[in-house]
Each structure stands twice: as C-alpha cells, then as structure tokens.
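# Working through the structure, step by step
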Amino acid sequence: MIIDRAEVIVTSPDRNFVTLKLTTDDGLTGLGDATLNGRELAVVAYLSEHVVPLLIGKDAHRIEDMWQFLYRSAYWRRGPVTMAAIAAVDVALWDIKAKAAGMPLYQLLGGASRTGLLTYGHASGKDLPELFDSIRSHLSQGYKAIRVQTGVPGLKSIYGIASNATFEANKGVRYDHEPAQRGALPNEEDWDTRSYLRHVPTVFEAVRNEFGPEIPLLHDGHHRMTPIQAAALGKSLEPYDLFWLEDVTPAENPEALRLVRQHTTTPLAIGEIFNTVWDYQQIIREQLIDYVRSAVTHTGGISHLKKVLEYAAQYQIKSGMHGPTDISPVGMAAAMHLGLSIHNFGIQEYMKHGAKTDAVFQQSFTWNDGMLHPGDKPGLGVTLDADEAGKYPYEKAYLPYNRLADGTVHDW
Ligand code: GCO
Ligand code: MG
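Rules used in this analysis
- Residues numbered from 1 in each chain as written.
- Chains lettered and ligands numbered in written order.
- Predicted model: local features only at pLDDT ≥ 70, side-chain atom pairs only at ≥ 80, totals over all residues.
- Heavy atoms only, no water.
- Helix = DSSP H or I, 4+ residues; strand = E, 2+ residues; numbered from the N terminus.
- Rg over C-alpha atoms; globule rule 2.2 N^0.38 Å.
- Buried < 20%, exposed > 50% of the residue type's maximum accessible area, 1.4 Å probe, protein only.
- Contact = heavy atoms within 4.5 Å.
- Areas by Shrake-Rupley, 256 points an atom, 1.4 Å probe, with all protein chains shown as cover.
- Lys, Arg positive; Asp, Glu negative; His and termini not counted.
- Charge placed at Lys NZ, Arg CZ, Asp CG, Glu CD.
- Domains from an automatic or database assignment.
- Buried area = accessible area lost by both parts, 1.4 Å probe.
- Salt bridge = Lys/Arg side-chain N within 4 Å of Asp/Glu carboxyl O.
- Polar contact = N/O pair within 3.5 Å; in protein donor to acceptor, adjacent residues only side chain to side chain.
- Nonpolar A, V, L, I, M, F, W, Y, C, P; charged D, E, K, R; others polar.
- Arc of directions from axis to C-beta.
- Near = heavy atom within 4 Å.
- Pairing = 2+ DSSP bridges.
- Axes fitted to C-alpha atoms, helices over the stretch in contact; angles between N-to-C directions.
- Parallel < 35°, antiparallel > 145°, perpendicular 65-115°, else oblique.
- Donors = N, O, S within 2.8 Å, 3.2 Å for Na, K, Ca; no water.
- Phe/Tyr/Trp six-rings, centres within 6.5 Å; stacked < 30°, edge-to-face > 60°.
- Lys NZ or Arg CZ within 6 Å of the ring centre and 35° of its normal.

The helix and strand tally for the protein stands at 14 helices and 20 strands. For the protein, whose C-alpha radius of gyration is 21 Å, the value lies close to the compact-globule estimate of 22 Å for 412 residues. Across its three principal directions, the C-alpha atoms of the protein cover 60 × 45 × 40 Å. Buried residues in the protein amount to 58% of all 412 residues. Sequence separation of at least 24 residues holds for 71% of the intrachain contacts in the protein that already meet a minimum separation of 6. Counting every atom, the protein has about 16,200 Å² of accessible surface; 53% of that belongs to carbon and sulfur. Charge-centre separation for the protein: the mean point of 38 positive side chains lies 2 Å from the mean point of 49 negative side chains.

Now the structure itself:
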C-alpha cells in the first residue's frame, strides 16, 4: 500500500480548515486535520513544501516509522506548526489503515472501552440572565456537562463571550464563541484580573443556586493568571465543585502549577497549546493536573497523544481533549476514536460546527443525549466533498488579544 498522492486542502466554510488527503496506489484515501487557528497557512507551507515530497512512494502501513521519520529527520522539533503537520499525516495514515482493515478506527486502537463519550458545551453570557439562558439552551440540547464563561463588570469584551464585533465580522455567523475573526486585524479585548477574581465565584454561586449541585461545571482561565492568583481562584471556587478549572497560568511554565496545586483541590486541566509528551512530562510525573487538554490535531496525531494519555493513566490523570470549532470534523473524529478506545477517558469538549462545514465534511458520528460516538464506518468515518470545499476559499482570520487598562499587552 504505497502513498501516491498527497493534497493539502484549504477551505473556509464557516471558518478556515486545513486538511491533508492521502491516496494510496490501491485507491484508499485518508484524511488528517492540520488546522492551526489564525496561523493556518504556516502549516499549509510546512506540509506542501516540506512534508508532501517525503510521503510519495512510502508504505502507508508504517505509521510509527513515518511519525519518527518526520519528527526526527526535520532536526527542528516540536512547536504547533510542526506537530500539526505531523498529526495530519499520522491521522490520515490511521484512517487508511482502518479502511484497509474494514474497521472503524477505534477497533484498531483496542476496541471500545465505553458506549459513548461524555461531552461538554460552552455556555456563556455577558451577564447572569444571558448566561442562564445559554445554560438552559445547552441542557435542552442534551449537554450533560457545561463550561461557564461570563462577562466581567467593567470589561467590555473578554474571552469566551461572543462580542457583537466578532458577530458582525463573522457576517452574522455565530461560532458559538469560537473567536477567530475573519477579514480584520486582531480584535483588542480588555482585561483586569482583580475584577475577574472577584466576579467569577459569584457567578458559580448563582449557577449552583439556579441549576443545583449535580451538573458538572467547567471554567477556562485561558492562561491569564499568575500562580498565586490562580491558587486564590481555585480556592474560591471549591464550594462550587467544578469538574475542572482550565489553563489557569501561561502554559510555558509547568512549575507554576505546583503552587496552584498546593493551595486548592479544584481539579486542574491544561494542555490545549501543548504539542508533545515532553510538555507534559513534569506535570504528569508530579501529578499537578487532573486532565490532559491536548487535541489530536495539535499533538502529533493519534500515535503521539495516545502515548501522552498512557503516561497520564499511570497517575489517574484523564483525557479532556480540546474540541472547539477550530478542530475540524476530521480532527474531532480522530479524538472520538481515540477517546472511545482508551481506558482513562475523562470528557470531550464538543461545539457544533456550522451547516456549511457539515456539508464540506460528511461525518458518521452521532451525538445523543450529550454523548458522542464516532460511528462504525471503516476508518475515521469522514469524507471531504471537494466541490463543496472549493466553494469556500481561505479567508485571513486572527484571534483577538488583550490589553490591561494602562495599555500593557496581557495573555489572551
Ligand atoms: C477552549 C479553547 C478555545 C481556544 C481556541 C483558540 O477551551 O476551547 O480555549 O476556545 O481559545 O481554540 O483557537
Ligand atoms: Mg481552553
């Protein structure tokens, strides 16, 4: 089974996606997601200029060897661009192998460890009434776990709350708060950690009073706090029994989590911007986190993320794979097959894609009563309709960024 074609497909149905499509000499095709939100074309160039020439003529069955070859032969290792490119090749090869075996991919990964994947969705609102409406709407759709983000008094526009500017810029399409803004330079948001730390516990108190103690609630700190601020937040949220508190401190410094951990029993999740097992080495070994947030798409594919999760399993740390709309349906399918097969699955983030995206990527997954299943078609269960994809050319899009009141750039 020889790879004889490799195409890098860029399409922008509701937002930009980068997909690698491999075709073998016996006519099997495989898809891999290489979308890196706001920096898509860097991965396109990496794949087209540097990776595609290395794939042609290679044995499509040798997935681990291909991974090691792409990783080690580049000499320049790691980083989101490299690891998204390697992930796309890895996932496309798993797709092909599973099709060759006539099985859904999760069977090749060891078979199903559960009947479906618990998902969480993103509820948000600029104030409590809007937030409560959003939570009710998520519950009525079937979500059994909910991420809660709100506006903070005094701040005009912050992460996780779709601003009117973003809504307008996206031509009236609301991506359920996935924030890349098309056709414009980065949107400037504002930030004040003290106001945020004062406000968030009052929001969770109100949500628990309204919706009761049962529902798993999550919150994303989006890398904005110092360790001592994060520790204070974790402590102040303990009465509200969070499922997790995510990305409390900037991801570059794993040791920051030691201090947070020493002060709070609120479970911690981190890793959506990590790329390799080495980013996790210390925080897993020292048991500083409870959930691994990496997506297959940004962490070197199924082969590599499976290694991270197996390491995590030794410490009772579970998966919580990243799944906003900037993970394409191909990347989501890969996450579902991996999540179904591993023992230490925790939860899957799941935001619905728009109708145009669903027309470009035909998918076999189901989402019933808040639970995802990848379906039983051979391979990943996703096909890409080239005619539909061709209707939506790439559109430049940037993520927003933050400034403090005095103009200082802050982590977004
Ligand atoms: C999440 C994330 C996303 C990121 C986005 C950036 O927890 O889902 O934080 O919302 O901001 O993936 O592209
Ligand atoms: Mg996040």
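Structurally, M103 can be placed in the loop between α3 (80–101) and α4 (105–108). Of the residues examined, M103 reaches a relative accessible area of 34% and is grouped as partly exposed. Sequence spacing of M103 and L380 is 277 residues, and the spatial spacing of their C-alpha atoms is 9.2 Å. The contact partners of M103, leaving out residues within four places of it in the chain, are A98, L108, K377, P378 and G379.

Moving on, we come to the domain arrangement of the protein. Here the protein is partitioned into domain 1 (3–104) and domain 2 (117–376). The distance between the C-alpha centroids of domain 1 and domain 2 comes to 26 Å. With 30 residues of domain 1 in contact, the opposing surface of domain 2 contributes 36 residues. With both sides pooled, the region where domain 1 packs onto domain 2 buries about 2,500 Å², and carbon together with sulfur makes up 58% of that total. Per-residue buried area on domain 1 facing domain 2 is highest for D14, F17 and D33; these three make up 25% of the total on that side. At the junction of domain 1 and domain 2, the tally comes to one salt bridge. As a salt-bridge pair, E64 and K307 come within 2.7 Å of each other at their nearest N and O atoms. Our enumeration of links across domain 1 and domain 2 arrives at 11 residue pairs in polar contact (both at pLDDT 80 or more). Looking at which element gives the most residues to the side of domain 1 that touches domain 2, the answer is α3, with eight residues. Its residues placed into classes, the side of domain 1 that touches domain 2 shows 16 nonpolar, eight polar and six charged.

Listing the buried residues of helix α8 (residues 227–237) in full gives A230, A231, L233, G234 and L237. Along the axis of α8, the buried positions cluster into a sector of 165 degrees, meaning they face one direction only. In the core, the buried residues of α8 are packed alongside α7 (193–211), β9 (244–246) and α9 (256–263).

Before going further, it helps to examine the site of ligand 1. Neighbouring ligand 1 are 15 residues; N37, Y159, H222, E272 and E349 lie closest to it. With respect to ligand 1, the side chain of R147 contributes an N or O atom lying 3.3 Å from an oxygen atom. In the environment of ligand 1, an oxygen atom lies 2.4 Å from a nitrogen or oxygen atom belonging to the side chain of E349. Of the residues contributing to the shell around ligand 1, the split by class is four nonpolar, four polar and seven charged.

The strand order across the open sheet built from three strands is β1-β2-β3, with neighbouring strands paired in antiparallel fashion. Edge positions in the open sheet fall to β1 (3–11) and β3 (29–33), since each of these has one partner strand only. Averaged over all pairs of adjacent strands, the angle between their axes in this sheet comes to 20 degrees, without regard to strand direction. Judged from the eight bridges that link them, β1 and strand β2 (residues 17–24) form a sheet pairing that is antiparallel. Bridge pairing in β2 links I9 to T19. In this fold helix α1 (residues 40–55) packs onto β1 and β2, with an angle of close to 170 degrees to the strand it touches most, β1.

It is at 9 Å that the axes of helix α2 (residues 63–73) and helix α11 (residues 301–313) come closest, and there the two elements cross at 90 degrees. Here α2 lies roughly perpendicular to α11, going by the angle between them. Across the interface between the two elements, I63, E64, W67 and Q68 of α2 pack against S303, H304 and K307 of α11. Grouping the amino acids of the contact of α2 with α11 by side-chain chemistry returns two nonpolar, three polar and two charged.

Here we take up the coordination of the magnesium ion (ligand 2). Only D220 (OD), E246 (OE) and E272 (OE) from the protein reach the magnesium ion (ligand 2) as donors, at distances of 2.0 to 2.2 Å. Read N to C, the donor residues that coordinate the magnesium ion (ligand 2) are spaced as D-x25-E-x25-E. Here D220 is found in strand β8 (residues 217–220), whereas its partner E246 is found in strand β9, with 26 residues between them in sequence. With respect to burial, D220 and E246 carry one shared label: buried.

Okay, the packing of aromatic side chains next. Under the definition given, this model contains 16 aromatic pairs. Ring geometry for Y71 and W278: centres 5.8 Å apart, planes at 20 degrees, overall stacked. Placement of Y71 in helix α2 and of W278 in helix α10 (residues 277–285) is noted, with a sequence separation of 207 residues between them. A relative accessible area of 3% places Y71 in the buried class. Since its relative accessible area comes to 37%, W278 is described here as partly exposed. Centroid distance W244 to Y291: 5.2 Å. Interplanar angle 55 degrees. Geometry classified as tilted. One end of the pair, W244, is in strand β9; the other, Y291, is in strand β11 (residues 291–292), with 47 residues separating them in the sequence. The class of Y291 is buried, set by a relative accessible area of 12%. Linked through ring pairs, Y120, F243, W244 and Y291 together constitute an aromatic cluster. A cation over a ring is seen here: R15 above F17, with NZ or CZ 5.3 Å from the ring centre. Seen from the ring of W67, K307 lies directly overhead, with NZ or CZ sitting 5.9 Å from the centre.

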